[in-house]
Amino acid sequence: RTTDGATYGLVATLVGVKPDLAAYLYAYNTFGSSVAVDGGTIAVGDRGAVYLSSATPSVYVFRTADGTTYDQVSVLTVYGMTYDMGFGTDVAVAGNVVVVASYEGVYVFRERDAGAAPACASPETEA
């Protein structure tokens, strides 16, 4: 219970799914190391597993329309990032933009078609 009398109940548990099975099995020791919310969009940082060098640091983007069911709509990565580069250390969301910090710099991802399922890419691949 909060000081103003409000109470909170658990409505969802988010777990990211990586496209490659090896990373999926081991990479979750940092899933949730950073989280940002904007409306129905949640970005969750996963810096990758220290003990699995092939675990690519990622940021998972989830969306909800009803506030209780969240769908993973994108996995954001930057080619060549490794766990020790800190990708996903901090994340921010504003509308259709997700900003991801690393020790190497700050990366800005933009949803390509507003209203459609995001097809985010690293800045290096943006045309």
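Residues numbered from 1 in each chain as written. Predicted model: local features only at pLDDT ≥ 70, side-chain atom pairs only at ≥ 80, totals over all residues. Heavy atoms only, no water.

Visitor: Please explain the packing of aromatic side chains as it appears in this structure.
Guide: Where two aromatic rings form a pair, the distance of their centres and the angle of their planes describe that pair. Evaluated as defined, the whole model comprises three aromatic pairs. When the centroid spacing of 6.4 Å and the interplanar angle of 80 degrees are considered together, the rings of phenylalanine 87 and phenylalanine 109 count as edge-to-face. Taken together, the residues span a long stretch of sequence, with phenylalanine 87 in the loop between β4 (70–76) and β5 (90–94) and phenylalanine 109 in strand β7 (residues 106–110) at a distance of 22 residues. Judged on exposure class, the residue phenylalanine 87 and its partner phenylalanine 109 are both buried. These aromatic residues form a ring-pair network of at least three members: Phe87, Tyr107 and Phe109. (Phe/Tyr/Trp six-rings, centres within 6.5 Å; stacked < 30°, edge-to-face > 60°. Helix = DSSP H or I, 4+ residues; strand = E, 2+ residues; numbered from the N terminus. Buried < 20%, exposed > 50% of the residue type's maximum accessible area, 1.4 Å probe, protein only.)

Visitor: Got a minute to help me understand the sheet that holds strand β2 (residues 41–46) in this structure?
Guide: Neighbouring strands of a sheet are bound in pairs by backbone hydrogen bonds; such pairs are parallel or else antiparallel. Here we have four strands laid out as an open sheet, ordered β1-β2-β3-β4, and antiparallel in their pairing. The two strands at the open ends of the sheet, each matched to only one other strand, are β1 (34–38) and β4. Averaged over neighbouring strand pairs, the angle between their axes works out to 20 degrees when direction is ignored. Summarising the sheet, β2 and strand β3 (residues 58–64) pair through six bridges and their orientation is antiparallel. (Pairing = 2+ DSSP bridges. Axes fitted to C-alpha atoms, helices over the stretch in contact; angles between N-to-C directions.)

Visitor: Sorry, what's going on with the environment of glycine 40 here?
Guide: Along the chain, glycine 40 turns up in the loop between β1 and β2. For the pair glycine 40 and arginine 63, spaced 23 residues apart in sequence, the C-alpha to C-alpha distance is 5.5 Å. If near-sequence neighbours (up to four positions away) are discounted, glycine 40 is found in contact with Phe62, Arg63 and Thr64. (Contact = heavy atoms within 4.5 Å.)

Visitor: Just to check I follow, could you spell out the pattern of salt bridges for this structure?
Guide: Side chains that differ in charge, positive against negative, can pair when their charged atoms come close. Under the criterion given, the structure shown has one salt bridge. Measuring nitrogen to oxygen at the nearest pair gives 3.2 Å for the salt bridge that ties arginine 63 to glutamate 111. Placement of the pair is arginine 63 in strand β3 and glutamate 111 in the segment after β7, with a sequence separation of 48 residues. A residue is classified by how much of its surface remains accessible, and arginine 63, at 24% relative accessible area, is partly exposed. (Salt bridge = Lys/Arg side-chain N within 4 Å of Asp/Glu carboxyl O.)

Visitor: When you look at the sheet that holds β7 in this model, what are you seeing that I'm missing?
Guide: The strand order β5-β6-β7 describes an open sheet built from three strands, whose pairing is antiparallel. Every interior strand has two partners, whereas the edge strands, β5 and β7, have only one. Neighbour to neighbour, the strand axes of the sheet diverge by 15 degrees on average, direction disregarded.

Visitor: Honestly, the nonpolar core in this entry has me stumped. Any pointers?
Guide: By size, the foremost hydrophobic cluster in this structure holds 14 residues, and its most contacted members are Val59, Phe87, Val98, Val100 and Phe109. If you list the elements that add at least two residues to this core, you get β3, β5, β6 (97–101) and β7. In terms of nonpolar packing, the next biggest core, distinct from the first, is built from five residues, Phe31, Val44, Tyr60 and Phe62 among them. (Core = buried A, V, L, I, M, F, W, Y, C linked by side-chain atoms within 4.5 Å.)

Visitor: Sorry if this is basic, but what is going on with the pairing of β1 here?
Guide: As a general feature of sheets, a regular strand has side chains that alternate between the two faces. Sheet topology note: the β1/β2 ladder contains five bridges and is antiparallel. Looking across to β2, one finds that alanine 36 is bridged to alanine 43. Between the antiparallel neighbours β1 and β2 lie two residues, among them glycine 39 with a positive phi of about 60 degrees.

Visitor: Help me understand the side chain of serine 34 in this model?
Guide: Its location among the elements puts serine 34 in strand β1. Beyond its immediate sequence surroundings of up to four residues, serine 34 is in contact with Ala43, Val44, Gly45, Gly88, Thr89, Asp90 and Val91.

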